[in-house]
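# Structure assessment
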Amino acid sequence: MKLYLFPPSSRVLGIVALKNHLALECEMEHIDLGRGDQLTPHYLALNPNKKMPTLEDDGFVLWESNAILFYIAAKHPESGLWPADLKGQAGVLRWLAWESAHWDAESVGMVAFEKSSKAVLGLGAPDAAFIARGAQNFARFAAVLNESLNGKTWLIGERLTIADFSVGGLVPSAERMELPVGKFPEVVRWYKGLAALPAWRHALASRDAAMAAFLAKAAERRAG
């Protein structure tokens, strides 16, 4: 199995943590978005969206972070990270859809795109109106997440699933973008549990190291 990813991105944090959690041997090829690796003919043949991550497994190619989480977990049913029961599966699917449609596209991801990703991709200055809209949406959706976690260890109850890996992956970005995560105590409690997992700690440390290296290279390019 091979993963194509941009290591500093929070969109791959959950995938790397899942790989660690399952102790999987996996080749990882770095896609430097600032250098334009996502635009090469080879990569476009794998992922025409010009985005990452992408998974390749014995000739099978899959893109979209949540689909990759599902594929990896479903290949290892003994982990329980993809539930075997219908209601559990529906619960996880609900959160995967919520993460993609709201947590990422309309709130945390929107702010991170304007404040960070646009600079990486050379797409110009951040748009203050989009940042304000994303921050407003964050308050709305973080309140939904906070209420949903009340009385639960994990998103669908007492069992860890890929829903936690998916939604949790954007929490460090929310903190880095100075969104008020601390105003939502259930979210803070839940994320502390996730961050305590050795697999998550290792993934986060790798992401932070990759982020530091990327910023250093970017500074060198600007200086040169």
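Placed above this text is the structure.
All values derive from a computational prediction rather than experimental measurement. (Residues numbered from 1 in each chain as written. Predicted model: local features only at pLDDT ≥ 70, side-chain atom pairs only at ≥ 80, totals over all residues. Heavy atoms only, no water.)

## A few points about the sheet that holds strand β1 (residues 2-5)
Worth spelling out the cut-off: Note on pairing: DSSP must find at least two bridges between two strands before they are called paired. Helix and strand assignments come from DSSP, with helices taken as H or I runs of at least 4 residues and strands as E runs of at least 2, each series counted from the N terminus. Interaxial angle, 0 to 180 degrees, is taken between N-to-C directions of lines fitted to C-alpha atoms, where a helix line uses only the stretch in contact. Working rule for contacts: check all heavy atoms of both residues, and any pair within 4.5 Å makes them a contact.
Taken together, the four strands give an open sheet; going across it, the order is β2-β1-β3-β4, and neighbouring strands pair in mixed fashion. Edge positions in the open sheet fall to β2 (27-30) and β4 (60-63), since each of these has one partner strand only. Between one strand axis and the next, the sheet turns by 20 degrees as a mean value, whatever way the strands run. Bridge analysis of strand β3 (residues 54-57) against β4 gives four bridges, and the strand direction is antiparallel. Within β4, the position partnered with E56 by the bridge is V61. Strands β1, β3 and β4 of the sheet are contacted by helix α3 (residues 65-74), whose axis makes an angle of about 130 degrees with β4.

## Quick word on the pairing of β1
Put simply, the rule reads: Only protein chains enter the accessibility calculation, which uses a 1.4 Å probe; a residue whose area is less than 20% of its type maximum is buried, one above 50% is exposed, and one in between is partly exposed. With the strands pointing away from the viewer, any crossover whose connection runs clockwise from the first strand over the helix to the second is right-handed.
Burial of β1 is two-sided: the residues K2 and Y4 facing one way and the residues L3 and L5 facing the other way are all buried. Bridge count between β1 and β2: four bridges; the pairing is parallel. Looking at β2, one finds that Y4 is bridged to E29. Viewed along the sheet, the connection from β1 through helix α1 (residues 13-21) into β2 turns out right-handed. Across three bridges, the pairing between β1 and β3 is antiparallel. Bridged to L3 within β3 is L55.

## Some points on the nonpolar core
Soluble globular proteins tend to bury their nonpolar side chains together. Stated precisely, the cut-off is as follows: Here, nonpolar core refers to any group of buried Ala, Val, Leu, Ile, Met, Phe, Trp, Tyr and Cys residues whose side-chain atoms link them within 4.5 Å.
One finds W103, F138, L145, I162 and W190 to be the most contacted residues of the largest nonpolar core, which totals 63 residues. When residues in this core are grouped by element, the largest group, eight residues, is from helix α4 (residues 86-121). Residues within four places of W103 in sequence aside, it is in contact with W98, V108, G109, F138, F141, A142, L145, V167, L170 and V171.

## What to know about α1
Among the nine residues in α1, seven count as buried, and that is most of the element. Taken together, the buried positions of α1 are occupied by L13, G14, I15, V16, A17, L18 and K19. A positive backbone phi angle near 55 degrees is found at A23, which sits one or two residues after α1.

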